[in-house]
Amino acid sequence: MEELRRSLADLKCNLRFDGWRILYGGMRYAFISRELFMRITKELMRVLGPSLKSVVLQFTALSCFAEVSHMISGGTPPEDAIEEYANFIGAAGWGPTRIISADFEKPEVVVRMYNSGIASWFRDNVESLENVFPFYECAWWGYGWTGVVKAAIEGMGAEAPPLTYRETECLARGGNYCEWVITQGEDAGLSQMKSTIPRELFSYEGVRAVISGNIAPGNPEESIKRFLDRLEAREDGSVGIGGERLFLGPSILFSIAYYMLPIERFGDMIYAVYRRAHNEYGRYLSWQGEKYGAEGVLNFFLASASSMGWGKMDAWVEDSEFKFLIHQSLHGEDVGAYRKLRGLEPQPACINIGYIVEGILNYFAEQEGKPPFSVREEKCVAKGDEHCEFTLQAL
């Protein structure tokens, strides 16, 4: 616990801010509620099945490779990088992580994660996991650690062979922890992903060079630091505030892996998945804070999301319609840069935040016997607008 608390304190000290954006090691990051992340994950698994691994989860090999490469270019010795990254992801809330053994010449690296935020959620929330999701394994970090080890080997000046992972124990399947062995083998997807994802996305400066953000209102540094002051490491190895467990991840995990790539592969049908997951999270927040009413829950969500690095959010009522906007939107800037770099037509990218607000308002509309609301995104940074703007109108 003391080591985790020290790592969390170090992490807080090394975060930087540009407006409402949270930066670490040359990349943009954001905090996300575990409950939201896992609701999205479960819905994607339910619809995509085993293809979730190739469409979404292989991306973690590339993002982890970029994260560790930034650490090494920032001065961390390559041989120490995997230990430093293990400490980082523990402090980031995913689960305390240990390097059990590391042989970079062979190569073979054994990594163990305790109380994994992902695996423990499936253990506690999905009955008969092997029947519901027979293809389940903790591939998020299996793939991710292949990228980590590749970055370390290349940082030493050697050429990394194709790497794969083997999961030897899993908390979600009844084990005491999650453990992966990273070895030479069939490429775990890094090469294929690397050829399709613009490298500029793995650098905050690279994204800003493509998408120029506006100046956001408010006092972002004070708000974000107030949020960080409340963030604590807990006895079970999780990180969070109150009863909420939180994860810190690179923005591209949420905007590209969990949003853009499934849309590219499966088209508009995937929006129904996102709507269901985000609506249900909005209802979950409303159920938790029902005594505060719609305005109280909504204000809590917008203020929290702003302080967690998703962009500054504000709301108001105009001509019987409910409106809100996002300055420096994480989804808008990342997706806008992705589509521009790939020569694709611009399109709005922040509707998932709108779905959460829709879920909050509709929870209380149902309680009061009123018509439901429907959200539409009218402006988006990803299309070249100054900010992202939404309207929610009663049907």
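Cut-offs applied
- Residues numbered from 1 in each chain as written.
- Predicted model: local features only at pLDDT ≥ 70, side-chain atom pairs only at ≥ 80, totals over all residues.
- Heavy atoms only, no water.
- Helix = DSSP H or I, 4+ residues; strand = E, 2+ residues; numbered from the N terminus.
- Buried < 20%, exposed > 50% of the residue type's maximum accessible area, 1.4 Å probe, protein only.
- Contact = heavy atoms within 4.5 Å.
- Pairing = 2+ DSSP bridges.
- Axes fitted to C-alpha atoms, helices over the stretch in contact; angles between N-to-C directions.
- Expected span 1.5 Å × (residues − 1).
- Salt bridge = Lys/Arg side-chain N within 4 Å of Asp/Glu carboxyl O.
- Phe/Tyr/Trp six-rings, centres within 6.5 Å; stacked < 30°, edge-to-face > 60°.
- Polar contact = N/O pair within 3.5 Å; in protein donor to acceptor, adjacent residues only side chain to side chain.

Engineer: I'd like to hear about the environment of Arg 98, residue by residue, with values.
Structural biologist: Here Arg 98 lies in strand β4 (residues 97–103). By relative accessible area, which is 33% here, Arg 98 ends up partly exposed. The spacing of Arg 98 and Ile 82 is 16 residues in sequence and 9.5 Å in space, taken between C-alpha atoms. Setting aside its immediate chain neighbours within four residues, Arg 98 contacts Glu 3, Val 110, Val 111, Arg 112 and Tyr 114.

Engineer: Before we move on, could you go through the sheet that holds strand β12 (residues 321–327) and cite the residues and values that matter?
Structural biologist: An order of β11-β12-β14-β13 is seen for the four strands of this open sheet, with the pairing classed as antiparallel. Looking along the sheet, the strands with just one partner apiece sit at the ends: β11 (312–318) and β13 (373–379). Across the sheet, the axes of successive neighbouring strands diverge by a mean angle of 20°, strand direction being ignored. With five bridges joining them, β12 and strand β14 (residues 388–394) adopt antiparallel strand pairing. Opposite Phe 324, over in β14, you have Phe 390 as the bridge partner. Across the sheet, helix α16 (residues 351–367) touches β11, β12, β13 and β14, and the angle it forms with β13 is around 150°.

Engineer: Give me the lowdown on helix α15 (residues 330–341), citing residues and values where you can.
Structural biologist: The α-helix advances 3.6 residues per turn, and as a result positions three or four apart in sequence lie on the same side. Across its 12 residues, α15 extends 17 Å between first and last C-alpha, which sits within 8% of the 16 Å expected from 1.5 Å per residue. By the criterion of burial, α15 is predominantly enclosed, with 10 of the 12 residues buried. Within the span of α15, buried status applies to Leu 330, His 331, Gly 332, Glu 333, Asp 334, Val 335, Gly 336, Ala 337, Tyr 338 and Arg 339. Against β2 (21–24), β3 (27–33), α10 (204–210), α12 (251–266) and α14 (293–310) lie the buried residues of α15.

Engineer: Please give an account of the pattern of salt bridges that cites residues and values.
Structural biologist: A side chain of one charge can pair with a side chain of the opposite charge if their charged atoms are brought near each other. If you walk through the whole model with that rule in mind, you get 27 salt bridges. When the shortest N-O distance is used, the salt bridge between Arg 112 and Glu 179 registers 2.8 Å. Of this pair, Arg 112 sits in strand β5 (residues 108–113) while Glu 179 sits in strand β7 (residues 178–184), placing them 67 residues apart in sequence. As far as the burial class goes, Arg 112 and Glu 179 line up, both buried. Between Glu 264 and Arg 342 there is a salt bridge; the shortest N-O distance is 3.3 Å. Linking Glu 264 in helix α12 with Arg 342 in the loop between α15 and α16, this pair joins segments that are 78 residues apart in sequence. For Glu 264, a relative accessible area of 34% puts it in the partly exposed group. Judged by its relative accessible area of 38%, Arg 342 is partly exposed. Among the charged side chains, a salt-bridge network with shared partners connects Asp 18, Arg 21, Arg 28, Arg 208 and Glu 333.

Engineer: Quick rundown of the packing of aromatic side chains? Include the residues and the values.
Structural biologist: The full count for this structure, using the stated rule, is 26 aromatic pairs. Summarising the aromatic geometry, the rings of Phe 59 and Phe 202 are spaced 6.0 Å apart at their centres and angled 25° between planes, so their arrangement reads as stacked. Of this pair, Phe 59 sits in helix α4 (residues 59–73) while Phe 202 sits in the loop between α9 (190–196) and α10, and the two are 143 residues apart along the sequence. You can call Phe 202 buried: its relative accessible area is 9%. An aromatic cluster is present here, built from Phe 37, Trp 94, Trp 141, Phe 247, Phe 254, Tyr 258 and Trp 310 joined pairwise through their rings.

Engineer: Lay out the side chain of Asn 279 in plain terms, naming residues and giving numbers.
Structural biologist: Relative to the elements of secondary structure, Asn 279 occurs in helix α13 (residues 270–288). A polar atom in the side chain of Asn 279 sits 2.7 Å from the backbone oxygen of Tyr 355. Polar side-chain contacts of Asn 279 include one of 3.1 Å to the side chain of Glu 358. If we ignore the near neighbours within four places in the chain, the residues touching Asn 279 are Tyr 355, Glu 358 and Gly 359.

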